[in-house]
Amino acid sequence: PLMFAFTLAMFSGVFAASAYANCQLVVEPAQSEWLIHYNPITEDEASRSFDLAITNTGETPCMGRLQINLRGEGFGLGHNGVGERVPYVLIDEANGADLTPRTGQNARRINNRPVHLSAGERGLYRFNFAATTPDSLNEGLYSQEIFVAIENDDGHTLAERPLTLGVQVPAAALMGLKGR
């Protein structure tokens, strides 16, 4: 009986590992750049929702959690590589989980939405991207490249895709603000 239990446990572990061996996720943002056109004269906040599709093109189920990583870059939207960075938040709208990578990657929290897709299944995820814009924001593009990944419980990356977050401030808005 002991040998049978050991064999069964070994077989179960091998089966579970092979069940996820053909898991193949693809991260598909509707746009590769999530850009907010922000006019400080006519708008109170720089905020917009964006969609991200995740597809399992493999033959077995896939399960993991969404992770955002900056790969060593400092947090915040930068403008031409100089000056102070503009802070932002990235919220999963389905469950309110904050995926903002303030420390280089988002915190690994239990409330991060799990990604669980059967073979051939596609899931749609909606995020709210909002920037905290100072009153003295110069015209131009403020941006940061992030890496959206799905990681399994062991921390292995199942899929990853770079994505650029950005806030575009037009020159006309600045002229009107300064000319008041």
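Note that the structure is a prediction, hence the values are computed from the model and not measured.

Definitions and cut-offs
- Residues numbered from 1 in each chain as written.
- Predicted model: local features only at pLDDT ≥ 70, side-chain atom pairs only at ≥ 80, totals over all residues.
- Heavy atoms only, no water.
- Buried < 20%, exposed > 50% of the residue type's maximum accessible area, 1.4 Å probe, protein only.
- Helix = DSSP H or I, 4+ residues; strand = E, 2+ residues; numbered from the N terminus.
- Pairing = 2+ DSSP bridges.
- Core = buried A, V, L, I, M, F, W, Y, C linked by side-chain atoms within 4.5 Å.
- Contact = heavy atoms within 4.5 Å.
- Phe/Tyr/Trp six-rings, centres within 6.5 Å; stacked < 30°, edge-to-face > 60°.
- Lys NZ or Arg CZ within 6 Å of the ring centre and 35° of its normal.
- Disulfide = S-S within 2.5 Å.
- Axes fitted to C-alpha atoms, helices over the stretch in contact; angles between N-to-C directions.

Visitor: Quick rundown of the pairing of strand E7 (residues 88-92)? Include the residues and the values.
Guide: Burial of the side chains of E7 is restricted to one face: Tyr88, Leu90 and Asp92 are buried, whereas none of Val89 and Ile91 on the reverse face is. Bridging between E7 and strand E9 (residues 122-131) involves five bridges; their strand directions are antiparallel. Counted as the bridge partner of leucine 90 is phenylalanine 129 from E9.

Visitor: Please set out the nonpolar core residue by residue, giving values where relevant.
Guide: Counting 35 residues, the largest nonpolar core has Leu66, Leu77, Phe129, Ile146 and Val167 as the members making the most contacts within it. Broken down by element, this core gets its largest block of residues, five residues, from strand E11 (residues 157-169). Dropping the residues within four chain positions of it, valine 167 is found in contact with Leu35, Ile36, Tyr38, Ala46, Leu77, Phe129, Ala131, Gly140, Leu141 and Tyr142.

Visitor: Describe the environment of histidine 37, listing the residues and the values that go with them.
Guide: Relative to the helices and strands, histidine 37 resides in strand E2 (residues 33-37). Put simply, histidine 37 and valine 167 are 130 residues apart on the chain and 6.0 Å apart in space, counted from C-alpha to C-alpha. For histidine 37, the contacting residues outside a window of four places in its chain are Glu43 and Gln168.

Visitor: Break down the packing of aromatic side chains for me, citing the residues and quoting the values.
Guide: Considering all chains together, one arrives at five aromatic pairs under this definition. Ring centres of tryptophan 34 and phenylalanine 50 lie 5.0 Å apart, and the angle between their planes is 5 degrees; this geometry places the pair in the stacked category. Here the residue tryptophan 34 occupies a position in strand E2, and phenylalanine 50 occupies one in strand E3 (residues 46-56), the gap between them amounting to 16 residues. Tryptophan 34 sits in the buried class, given a relative accessible area of 1%. Taken together, the ring pairs connect Trp34, Phe50, Phe75, Tyr88, Phe127 and Phe129 into an aromatic cluster. Here arginine 71 stacks its cationic end above the ring of phenylalanine 147, 3.9 Å away from the centre of that ring.

Visitor: Any details on the pairing of strand E10 (residues 140-151)? Residues and values, ideally.
Guide: For E10, the buried fraction is high: nine of the 12 residues fall into the buried class. Sheet topology note: the strand E4 (residues 62-69)/E10 ladder contains five bridges and is antiparallel. Bridged to arginine 65 within E10 is glutamate 151. Here E10 pairs with E11 via 12 bridges, running antiparallel. If you follow isoleucine 150 over to E11, its bridge partner there is alanine 159. With antiparallel pairing between neighbouring strands as the criterion, E10 and E11 make up a hairpin whose turn holds five residues, including glycine 155 at a positive phi of roughly 90 degrees.

Visitor: Please provide a residue-by-residue account of the state of the cysteines, values included.
Guide: As enumerated under the stated definition, the model contains one disulfide in all. Here cysteine 23 connects covalently by a disulfide to cysteine 62, the sulfurs 1.9 Å from one another. Where cysteine 23 bonds to cysteine 62 through sulfur, the torsion about that S-S bond is close to 130 degrees, and the disulfide is right-handed. Remark: cysteine 62 occurs in strand E4 and cysteine 23 occurs in the loop between helix H1 (2-19) and strand E1 (25-29); sequence separation between them is 39 residues. According to the relative accessible area criterion, cysteine 23 is buried, its value standing at 14%. What makes cysteine 62 buried here is its relative accessible area of 0%.

Visitor: Before we move on, could you go through the sheet that holds E3 and cite the residues and values that matter?
Guide: Spatial strand order, E1-E3-E9-E7: four strands in an open sheet with antiparallel pairing. A strand with exactly one partner marks an edge of an open sheet, and here the two such strands are E1 and E7. On average, adjacent strands in this sheet sit at an angle of 25 degrees to one another, irrespective of strand direction. Across 10 bridges, E3 lies against E9 in antiparallel orientation. Counted as the bridge partner of alanine 46 is alanine 131 from E9.

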